[in-house]
Amino acid sequence: MGEKIDCPLCPRRDIPEGHVTCPQCNADLSYLWKLQEVPYVFFNEAVQLSRKGDYIEAIQKVLASISLNPDFVDAYILLGNLYQEEKHEKEARGCFEKALSLLPETETELKRQLYSFLETRPVTKIKPKIRAFL
Ligand SMILES: [Zn+2]
């Protein structure tokens with residue numbers, strides 16, 4: 001997923017995926033990489049729960065995911081969708097605004113969908129597509 005981690009034992013930063021040990025101090029990084037996956041595991045569980053209609057539980061999972069990875073764009077989009085299902089329009093808007101602020105310019109189609117959602121009053125049923133990490 002193009003993630004990078006910082007070595008917990010030496011000043012080495014931004015170690016790219018594929019390094020099981022620190023290139024500088026040789027520290028074992030395997031557990032750190034496993035921890036990196038946890039937000040995505042929670043996210044995928046939230047997607048499954050939302051497909052079953054367990055929106056409240058899905059919201060809990062996706063909030064946990066965001067707490068571990070505050071820049072996780074798709075998690076904000078999923079959370080926005082879930083808040084919409086629960087008729088919490090204000091919270092949904094907040095999530096989509098946050099997602100827009102994090103999305104790179106290259107995500108033009110997703111940005112367009114989010115803008116159209118935010119600009120439409122009253123809020124329509126448009127749901128930006130989320131990418132699942134399965
Ligand atoms: Zn190191």
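Conventions adopted
- Residues numbered from 1 in each chain as written.
- Predicted model: local features only at pLDDT ≥ 70, side-chain atom pairs only at ≥ 80, totals over all residues.
- Axes fitted to C-alpha atoms, helices over the stretch in contact; angles between N-to-C directions.
- Helix = DSSP H or I, 4+ residues; strand = E, 2+ residues; numbered from the N terminus.
- Parallel < 35°, antiparallel > 145°, perpendicular 65-115°, else oblique.
- Left-handed = near helix turned anticlockwise from the far one by under 90°.
- Contact = placed C-beta atoms within 7 Å.
- Nonpolar A, V, L, I, M, F, W, Y, C, P; charged D, E, K, R; others polar.
- Core = buried A, V, L, I, M, F, W, Y, C linked by C-beta atoms within 7 Å.
- Buried ≥ 20, exposed ≤ 12 C-beta atoms within 10 Å, placed from the backbone.

1. A word on the packing of helix α2 (residues 55-68) against helix α3 (residues 73-85)
Between two packed helices, the angle of one axis relative to the other and the distance separating the axes together describe the packing.
Part 1: At a closest axis distance of 10 Å, the pairing of α2 and α3 adopts a crossing angle of 155°. In this view, α2 runs roughly antiparallel relative to α3, as classed from their interaxial angle. Considering how the two elements wind past one another, α2 and α3 form a crossing that is left-handed. Residues Tyr55, Ala58, Ile59, Val62, Ser65 and Ile66 of α2 form the contact with α3, whose own contacting residues are Ala75, Tyr76, Leu78, Leu79, Leu82 and Glu85.

2. Examining the packing of α3 against helix α4 (residues 89-102)
Part 1: The geometry of α3 relative to α4 is characterised by a closest axis approach of 8 Å and an angle of 160° between their N-to-C directions. With respect to each other, α3 and α4 are oriented roughly antiparallel. Judged by the twist between their axes, the crossing of α3 over α4 is left-handed. For the pair formed by α3 and α4, the contact residues are Val73, Tyr76, Ile77, Leu79, Gly80, Tyr83 and Gln84 on the first element and Glu91, Ala92, Cys95, Phe96, Lys98, Ala99 and Leu102 on the second.
Part 2: Considering only residue class, the contact of α3 with α4 consists of 10 nonpolar, two polar and two charged.

3. Some thoughts on the nonpolar core
Part 1: Counting residues in each nonpolar core, the largest one holds 24 residues, and the members touching the most others are Phe43, Val62, Ala75, Leu78 and Leu79.
Part 2: Of all the elements in the fold, those that place two or more residues in this core are α1 (30-51), α2, α3, α4 and α5 (108-119).
Part 3: Among the elements that take part in this core, α3 stands out by supplying seven residues, more than any other.
Part 4: Not counting the four nearest positions on each side in its chain, Ala75 is found in contact with Phe43, Val62, Ser65 and Ile66.

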